[in-house]
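These are the residues of each chain, in order.
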Amino acid sequence: MSEDCIFCKIINGEFNTEFVYETENTVVFKDINPKAPIHLLVCPKAHISSLNELEDKALMAELLQTVKDVTKKIGLKSYQTHINTGKEAGQVVFHLHIHILGKEN
Ligand code: 5GP
Ligand code: ZN
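Quick summary incoming for the structure in this document. (Residues numbered from 1 in each chain as written. Chains lettered and ligands numbered in written order. Predicted model: local features only at pLDDT ≥ 70, side-chain atom pairs only at ≥ 80, totals over all residues. Heavy atoms only, no water.)

**Brief notes about the site of ligand 1**
The full set close to ligand 1 counts 17 residues, and Asp-31, Gly-90, Val-92, His-97 and His-99 are the nearest of them. Within the backbone of Ile-32, a nitrogen or oxygen atom sits 3.2 Å from a nitrogen atom of ligand 1. At 2.9 Å, a side-chain N or O of Asn-84 approaches an oxygen atom of ligand 1. Here ligand 1 loses 83% of its free accessible area of 520 Å² to cover by the protein chains. (Near = heavy atom within 4 Å. Polar contact = N/O pair within 3.5 Å; in protein donor to acceptor, adjacent residues only side chain to side chain. Areas by Shrake-Rupley, 256 points an atom, 1.4 Å probe, with all protein chains shown as cover.)

**Regarding the packing of aromatic side chains**
Taken as a whole and judged by the stated rule, the model has 1 aromatic pair. Plain terms: the ring middles of Phe-7 and Phe-29 are 5.3 Å apart, the flat faces sit at 85° to each other, and that makes the pair edge-to-face. Of the two residues, Phe-7 sits in helix α1 (residues 6–11) while Phe-29 sits in strand β2 (residues 26–30), which places them 22 residues apart along the sequence. We note that Phe-7, like Phe-29, is buried. (Phe/Tyr/Trp six-rings, centres within 6.5 Å; stacked < 30°, edge-to-face > 60°. Helix = DSSP H or I, 4+ residues; strand = E, 2+ residues; numbered from the N terminus. Buried < 20%, exposed > 50% of the residue type's maximum accessible area, 1.4 Å probe, protein only.)

**Overview of the pairing of β2**
β2 sits mainly inside the fold: 4 of its 5 residues count as buried. Bridging between strand β1 (residues 21–22) and β2 involves 2 bridges; their strand directions are antiparallel. Within β2, the residue paired with Tyr-21 across the bridge is Val-28. If you look at the hairpin formed by β1 and β2, you'll find 3 residues sitting between the two strands. (Pairing = 2+ DSSP bridges.)

**A word on the side chain of Thr-23**
Examined against the element boundaries, Thr-23 turns out to sit in the loop between β1 and β2. Reaching out from Thr-23, the side chain makes a polar contact with the side chain of Thr-26 at a distance of 2.6 Å. A polar side-chain atom of Thr-23 sits 2.7 Å from a polar atom in the side chain of Glu-62. Sequence-distant contacts of Thr-23, defined by excluding residues within four places in its chain, comprise Lys-45, Glu-62 and Thr-66. (Contact = heavy atoms within 4.5 Å.)

**Considerations on the pattern of salt bridges**
Counted under the stated rule, the structure contains 1 salt bridge. Taking the shortest distance from any N to any O, the salt bridge between Glu-22 and Lys-45 comes out at 3.0 Å. Of this pair, Glu-22 sits in strand β1 while Lys-45 sits in the loop between β3 (38–44) and α2 (57–74), and the two are 23 residues apart along the sequence. Residue classification places Glu-22 among the partly exposed residues on the basis of a relative accessible area of 45%. (Salt bridge = Lys/Arg side-chain N within 4 Å of Asp/Glu carboxyl O.)

Given below as structure tokens:
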């Protein structure tokens, strides 16, 4: 856990954020400022600042599996996934996350 990381605090339960889905090493919650009718964020529980710092291949697989499983759980068949990596690419929160963007089911 990184003490000044907002997503670590969310994952640690400090804001009572509802988790839409959770696995051993990942968590999914709603984006606070949704840019689509459904806007979820898939995060590793461990503090990894961006995709550039992700080295654990099992965790890479688990993150994508989580995307598949949470979208299936909520019945979302069509969706976009975005990962912003680095400030110039629009990354604002430096705790790795995969955006899931979709319309209503
Ligand atoms: P980035 O631009 O880093 O890829 O995306 C960061 C996302 O995190 C943004 O879409 C923003 O709305 C979301 N976000 C920022 N702070 C919070 C927060 O405290 N709670 C939640 N649920 N989402 C947040
Ligand atoms: Zn973090």
